[in-house]
Amino acid sequence: MSDIIPVRFAGTGSYLPEEVLGNDYFEKILDTSDEWIATRTGIRERRRASKDENTSILSANAGRAAIEDAGLTPEDIDVIILATATPDHPFPSTAAFVQSHLGCVNAAAFDVGAACSGFLHACWIAAGQLQAGMATNVLVIGAETLSRFLDYKERGVCILMGDGAGAVVMTKAEREGQGILHATLGCDGTKAKHIWIPAGGAALPSSETTVAERMHYMQMKGRDVFKFAVVKMTSLIDEAMEKTGLSPDDLKMVIPHQSNLRIIEAARERLGLPAEKIAVNIEKYGNTSAASVPITFDEARRAGKLASGDKIMLLAIGAGLTWGSMVFEL
Ligand SMILES: CC(C)(COP(=O)(O)OP(=O)(O)OC[C@H]1O[C@@H](n2cnc3c(N)ncnc32)[C@H](O)[C@@H]1OP(=O)(O)O)[C@@H](O)C(=O)NCCC(=O)NCCS
């Protein structure tokens, strides 16, 4: 086994907007059905941010809960890393707004863009900063307001996504053996257009034409992404087991990105795990991209399903295409 990175998750938090959009909402506006959505994706409902909420607001709500859970104050945070694909504005970073909302006056703040695997990328950066002694308390957030970037005429995409935020406070380990046992990240940029928003950036600024052609909305090659995700999940699991020398039985819980229940089931079968060892909440929230892993982690912790000393695996695949996995001892 490679060296442990001696860090810990000192607190977690999450925030879901109040409005619930059931599959029946889409039945009214699209040629789809609750039966199709539930069978093909596992999703029954998802949340939608109110008009007064955006990514920085969702982030601040989740971040506040994580800071409280860690027994810290906003002044104790020295870095905020926000993973999001749905920033409030092209610039400044959404993390800058979060820093202000939370009153984290001593914190540097920046965004990380790796879509659905963004939270794992952000944790990886935080772990490096902590290990190098460059930070003491890092607030890592995954948050999305995907509803603002969805084409509600595109039935293969809009039914999948939801809004929400999850957060953790990472700090140094407090005992031997605690920390990150394995972490890997990757990207295949040849597939950058598998999931993307074509317009609104420097390559194709917004114009009347891009808006008329609905190019400011998220587009996805769903079937290609699905196949890629199943294969990549399998190889990430195999690699993590090999590098750590652990067996799936040693894991207390696997927390996968919530993209499609069929993808999660493929991972569970690969590991040969019983249903209770793989965290699933996709039926309630849909795919919340960078927010899905930290929301699910927070729910499992607050439900008393995880305890200090447990070994946990996080897994995600997202636009880029990017991916990441992490095994840690809580
Ligand atoms: C999007 C996804 C649910 C579609 O499921 P699928 O089984 O692959 O379905 P396909 O895209 O092949 O489409 C099959 C048919 O269903 C139709 N369809 C798509 N969305 C539909 C909907 N909401 N309701 C009813 N029919 C739908 C398609 O038009 C297609 O019809 P056709 O055969 O007449 O052309 C699935 O591909 C998926 O989950 N992909 C991965 C998404 C993902 O993980 N993205 C984020 C990565 S982090």
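Look up a bit, the structure's there.
Residues numbered from 1 in each chain as written. Predicted model: local features only at pLDDT ≥ 70, side-chain atom pairs only at ≥ 80, totals over all residues. Heavy atoms only, no water.

Caption draft 1: Looking closely at the overall build of the chain. Scanning the chain for helices and strands turns up 11 helices and 13 strands. Expected size for 330 residues packed as a compact globule is a radius of gyration near 20 Å; at 19 Å, the chain falls within 12% of this value. With the C-alpha coordinates aligned to their principal axes, the bounding extent of the chain is approximately 55 × 45 × 35 Å. By residue count, 53% of the 330 residues in the chain fall in the buried class. Considering only contacts within the chain whose residues lie at least 6 apart along the sequence, 77% involve residues at least 24 apart. Accessible surface for the chain amounts to roughly 13900 Å². Of this, 51% is attributable to carbon and sulfur atoms. (Helix = DSSP H or I, 4+ residues; strand = E, 2+ residues; numbered from the N terminus. Rg over C-alpha atoms; globule rule 2.2 N^0.38 Å. Buried < 20%, exposed > 50% of the residue type's maximum accessible area, 1.4 Å probe, protein only. Contact = heavy atoms within 4.5 Å. Areas by Shrake-Rupley, 256 points an atom, 1.4 Å probe, with all protein chains shown as cover.)

Caption draft 2: The arrangement of the packing of aromatic side chains in detail. In the structure shown here, the tally under the stated rule is seven aromatic pairs. Ring centres of Phe 9 and Phe 328 lie 4.5 Å apart, and the angle between their planes is 45°; this geometry places the pair in the tilted category. Highlighted residues: Phe 9 in strand 1 (residues 7-15) and Phe 328 in strand 13 (residues 322-329), separated in sequence by 319 residues. On the accessibility criterion, Phe 328 (1% relative accessible area) is buried. Taking 6.3 Å as the distance between ring centres and 10° as the angle between the ring planes, the aromatic pair formed by Phe 26 and Tyr 152 counts as stacked. Of the two residues, Phe 26 is situated in helix 1 (residues 23-29) and Tyr 152 in the loop between strand 6 (138-144) and helix 6 (155-158); the sequence distance between them amounts to 126 residues. Pairwise contacts between aromatic rings join Phe 9, Phe 297 and Phe 328 into one cluster. Stacked on the ring of Trp 323, the Lys or Arg Lys 232 has its end atom at 3.8 Å from the ring centre. (Phe/Tyr/Trp six-rings, centres within 6.5 Å; stacked < 30°, edge-to-face > 60°. Lys NZ or Arg CZ within 6 Å of the ring centre and 35° of its normal.)

Caption draft 3: Summary view of the site of the ligand. Residues in close proximity to the ligand total 24 residues, the closest being Thr 32, Arg 40, Arg 223, Asn 260 and Ile 317. Within the contact set of the ligand, a nitrogen atom lies 2.9 Å away from a backbone nitrogen or oxygen of Arg 155. Contact between the ligand and Arg 262: an oxygen atom at 3.3 Å from a side-chain N or O atom of the residue. Surface burial for the ligand is 75%, taken as the share of its 950 Å² of free accessible area covered by protein chains. (Near = heavy atom within 4 Å. Polar contact = N/O pair within 3.5 Å; in protein donor to acceptor, adjacent residues only side chain to side chain.)

Caption draft 4: Seen up close, empty space enclosed by the protein. Taken as a whole and assessed by the stated rule, the structure comprises one cavity of 30 Å³ or more. Classifying every residue of the lining of the largest cavity gives five nonpolar, two polar and three charged. (1 Å grid on protein atoms, 1.4 Å probe; cavity = no way out; pocket = protein on both sides within 12 Å on 5 of 7 lines; lining within 4 Å. Points joined across faces, edges and corners; volume = space filled by probe spheres on them. Nonpolar A, V, L, I, M, F, W, Y, C, P; charged D, E, K, R; others polar.)

Caption draft 5: Examining the side chain of Arg 268 more closely. The residue Arg 268 is located in helix 9 (residues 261-271) in this model. Residue Arg 268 is classed as buried on the basis of its relative accessible area, which comes to 19%. The residues touching Arg 268, leaving out its near neighbours within four places in the chain, are Leu 273, Pro 274, Ala 275 and Ile 278.

Caption draft 6: Summary view of the nonpolar core. Ranked by internal contacts, the top residues of the largest apolar core, which has 41 residues, are Leu 251, Val 254 and Met 313. The set of elements that each furnish at least two residues to this core consists of helix 6, helix 8 (222-244), helix 9, strand 12 (311-318) and strand 13. It is helix 8 that contributes the most residues to this core, eight residues altogether. The contact partners of Met 313, leaving out residues within four places of it in the chain, are Ile 237, Ala 240, Met 241, Leu 251, Met 253, Val 254, Ile 255, Met 326 and Val 327. Counting 33 residues, the second largest nonpolar core, distinct from the first, contains Val 7, Phe 297, Ala 316 and Leu 330. (Core = buried A, V, L, I, M, F, W, Y, C linked by side-chain atoms within 4.5 Å.)

Caption draft 7: Representation of helix 9 in the model. Those residues of helix 9 not exposed but buried are Ile 263, Ile 264, Ala 267, Arg 268 and Leu 271. Viewed along the axis of helix 9, the buried residues span an arc of 140°, placing them on a single side of the element. Buried residues belonging to helix 9 abut helix 8 and strand 11 (253-256). Between a side-chain oxygen at the N-terminus of helix 9 and the backbone nitrogen of Arg 262 the separation is 2.8 Å; the capping residue is Asn 260. Note on helix 9: the residue one or two positions beyond its end, Gly 272, has a positive phi of about 65°. (Arc of directions from axis to C-beta.)

Caption draft 8: Layout of the sheet that holds strand 13. As summarised here, the arrangement of the four strands in space is 8-13-12-11, forming an open sheet in which the pairing is mixed. With one partner strand each, in any of the chains shown, strand 8 (179-187) and strand 11 form the two edges of the open sheet. Each strand of the sheet is rotated relative to its neighbour by a mean of 10°, with strand direction disregarded. Strand direction decides the pairing type here: strand 11 and strand 12, joined by four bridges, are parallel. Considered in strand 12, the bridge of Val 254 is made with Met 313. Across the face of the sheet, helix 8 comes into contact with strand 8, strand 11, strand 12 and strand 13 while running at roughly 150° to strand 12. Helix-sheet contacts for helix 11 (residues 292-302) involve strand 11, strand 12 and strand 13, and the interaxial angle to strand 11 is about 150°. (Pairing = 2+ DSSP bridges. Axes fitted to C-alpha atoms, helices over the stretch in contact; angles between N-to-C directions.)

Caption draft 9: Structural detail: the environment of Asn 260. Note that Asn 260 resides in the loop between strand 11 and helix 9. In this structure the C-alpha to C-alpha distance between Asn 260 and Ala 229, which are 31 residues apart in sequence, comes to 9.7 Å. Residue contacts for Asn 260: discarding those within four places in its chain leaves Arg 40, Thr 41, Phe 226 and Ile 282. Of note is the side chain of Asn 260, whose polar atom sits 3.0 Å from the backbone oxygen of Arg 40. Here the side chain of Asn 260 touches Arg 262 through a polar contact of 2.8 Å, landing on its backbone nitrogen.

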